[in-house]
Amino acid sequence: MDWDKLRVFHAVADAGSLTHAGDKLHLSQSAVSRQVRALEESLNATLFHRHARGLILTEQGELLFDATNAITKRLDAASARIRDSEEEVFGDLRVTTTIGFGTLWLAPRLPKLYEQYPDLSVDLMLEERVLDLPMREADVAIRMKEPSQADLIRKRLMSVRMQAFASPGYLDANAALNTPEDLQNHRLICQNVNATQVGASATLVQSLMTHDVKSLLTVNNYFGVLQGVLHDLGVGILPDYVTQDFPDLVRVLPEVESAEVPVFLAYPEELRQSKRISAFRDFVQEEIISYRKQLRAQQKT
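The structure contained in this document is the topic of the report that follows. (Residues numbered from 1 in each chain as written. Predicted model: local features only at pLDDT ≥ 70, side-chain atom pairs only at ≥ 80, totals over all residues. Heavy atoms only, no water.)

Considering the overall build of the protein chain
- Secondary structure assignment for the protein chain yields eleven helices and twelve strands.
- Computed over its C-alpha atoms, the radius of gyration of the protein chain comes to 25 Å, more than 25% above the 19 Å expected for a compact globule of 301 residues.
- Long-range pairs, those at least 24 residues apart, make up 75% of the contacts in the protein chain with a sequence separation of at least 6.
- Put simply, the protein chain shows about 15600 Å² of open surface, and 49% of that area lies on carbon and sulfur atoms.
- Looking at charge distribution, the protein chain has the averaged site of its 33 positive side-chain charges lying 3 Å from that of its 41 negative ones. (Helix = DSSP H or I, 4+ residues; strand = E, 2+ residues; numbered from the N terminus. Rg over C-alpha atoms; globule rule 2.2 N^0.38 Å. Contact = heavy atoms within 4.5 Å. Areas by Shrake-Rupley, 256 points an atom, 1.4 Å probe, with all protein chains shown as cover. Lys, Arg positive; Asp, Glu negative; His and termini not counted. Charge placed at Lys NZ, Arg CZ, Asp CG, Glu CD.)

A short note on the sheet that holds strand S5 (residues 140-143)
- Read across the open sheet, the five strands follow the order S4-S3-S5-S12-S6; overall the sheet is mixed. Only two strands of the sheet have a single partner each, and these edge strands are strand S4 (120-126) and strand S6 (152-160). Strand-to-strand twist of the sheet, defined as the mean angle between neighbouring strand axes without regard to direction, takes the value 20°.
- Both S5 and strand S12 (residues 261-268) contribute to a ladder of three bridges, which runs antiparallel. Note on S12: the bridge partner recorded for Arg143 is Phe264. (Pairing = 2+ DSSP bridges. Axes fitted to C-alpha atoms, helices over the stretch in contact; angles between N-to-C directions.)

Details of the environment of Pro108
- Checked against the element boundaries, Pro108 lands in the loop between helix H5 (99-106) and helix H6 (110-116).
- Taking the C-alpha atoms as reference points, Pro108 and Arg272, 164 residues apart in sequence, are found 26 Å from one another.

Regarding the packing of aromatic side chains
- Scanning all chains against the criterion turns up four aromatic pairs.
- An aromatic cluster of three or more residues is present, and its members are Phe101, Trp105 and Tyr241. (Phe/Tyr/Trp six-rings, centres within 6.5 Å; stacked < 30°, edge-to-face > 60°.)

Observations concerning the pairing of strand S2 (residues 54-57)
- With four bridges joining them, strand S1 (residues 48-51) and S2 adopt antiparallel strand pairing. Residue Arg50 lies in a different strand from S2, and its bridge partner there is Leu55.
- What sits between the antiparallel neighbours S1 and S2 is a turn of two residues.

Section: a positive patch on the surface
- A cluster of basic residues, Lys155, Arg292, Lys293, Arg296 and Lys300, forms a positive patch at the surface.
- As for its placement among the helices and strands, Lys300 is situated in helix H11 (residues 275-300).
- Since its relative accessible area comes to 74%, Lys300 is described here as exposed. (Patch = residues over 30% accessible without salt bridge, like charges linked within 9 Å, V, L, I, M, F, W, Y side chains within 5 Å. Salt bridge = Lys/Arg side-chain N within 4 Å of Asp/Glu carboxyl O. Buried < 20%, exposed > 50% of the residue type's maximum accessible area, 1.4 Å probe, protein only.)

Observations concerning helix H9 (residues 222-230)
- Taken residue by residue, H9 has Tyr222, Val225, Leu226, Gly228 and Val229 as its buried positions. For H9, the angular spread of buried residues about the axis comes to 160°, placing them on one side.
- Each element contacted by the buried residues of H9 is listed here: H5, strand S7 (162-166), strand S8 (187-190), helix H8 (199-208) and strand S10 (235-239).
- Sitting at the amino-terminal end of H9 is Asn221, which places a side-chain oxygen 3.1 Å from the backbone nitrogen of Phe223.
- One or two steps after H9, the chain reaches Asp232, where phi turns positive at roughly 60°. (Arc of directions from axis to C-beta. Polar contact = N/O pair within 3.5 Å; in protein donor to acceptor, adjacent residues only side chain to side chain.)

Thoughts on the pattern of salt bridges
- Scanning all chains against the criterion turns up 17 salt bridges.
- Ionic pairing is found between Arg50 and Glu40, a salt bridge with its closest N-O pair at 3.4 Å. Within this pair, whereas Arg50 is found in strand S1, its partner Glu40 is found in helix H3 (residues 29-43), the two being separated by ten residues in sequence.
- For the salt bridge of Arg129 with Glu127, the shortest nitrogen-to-oxygen distance reads 3.2 Å.

So, unusual backbone geometry
- Not every positive phi belongs to a glycine, and Asp232 is a case in point at roughly 60°.
- Among the secondary structure elements, Asp232 is positioned in the loop between H9 and S10.

Here we look at the nonpolar core
- Judged by nonpolar contacts, the single largest core of 60 residues is most densely connected at Phe101, Leu106, Ile142, Ile237, Leu238 and Phe280.
- Take this core: its biggest share by element is seven residues, from H11.
- Excluding residues that lie within four positions of it along the chain, Ile237 makes contacts with Met162, Gln163, Ala164, Leu188, Ile189, Cys190, Leu204, Val205, Leu208, Tyr222 and Val225. (Core = buried A, V, L, I, M, F, W, Y, C linked by side-chain atoms within 4.5 Å.)

Re H5
- A large share of H5 lies buried, amounting to six of its eight residues.
- When we look at burial in H5, the residues that qualify are Gly100, Phe101, Gly102, Leu104, Trp105 and Leu106.

Structural data, given as structure tokens:
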């Protein structure tokens, strides 16, 4: 199979349109159409169903797209390794982590990374779904559990516990909150126990719900929970690291605490020598060290 034709096929399958693929490849629609038709003839197979709204892959087309997708990812990896042979840290770095950790901990610290490496471009992908690093869905991940894939380099960064927090304004305006039983007179703000999240958090929320909580607000990420707490809406279940950047939050119910949640940084073995990965890893580790020092100082006071 001719690589040029495969490249055009991949662009069409990815875009779902001859016109959009042509724009991406800087080719006319007719040139793209000829390449796809020639590929179909060489394979003696129909790769697309054509209809008014665009193109849909046939079963044979799906098989070929899976193959070209894997090839493209391998080429991206090779390109990244070639670029990373340079001494300077530059180029694109795709980082994936959870919405909560990405918005509440990582994103506020990125200015320091850009101060060190102004030519670095970070694509921050925040979602609860675990992206496939060996398949190059991302370059590096920060995950709330140890990765299971054997071909990943992983490093434990820190541990997190989910705890209960409220704003001073909320506590001043509402009934006393001394024991978990008092939650029946308060509004609880948390993630839905059925949402994709750390198991330790869901377990903690389930136990709190046994206290006949009067009112409930569920949000599908911790950033939303934090906003509710900051706006005096109720008692929020949040990761303990929020106290560093939001020191006015008051921890309530000290006995309410989840099991320890480990935080890991992981990246593919093939990116071991990547300058961009090394720069990001060192930056995160330095921020973790700073976080731990500040946490110890707070505990002493």
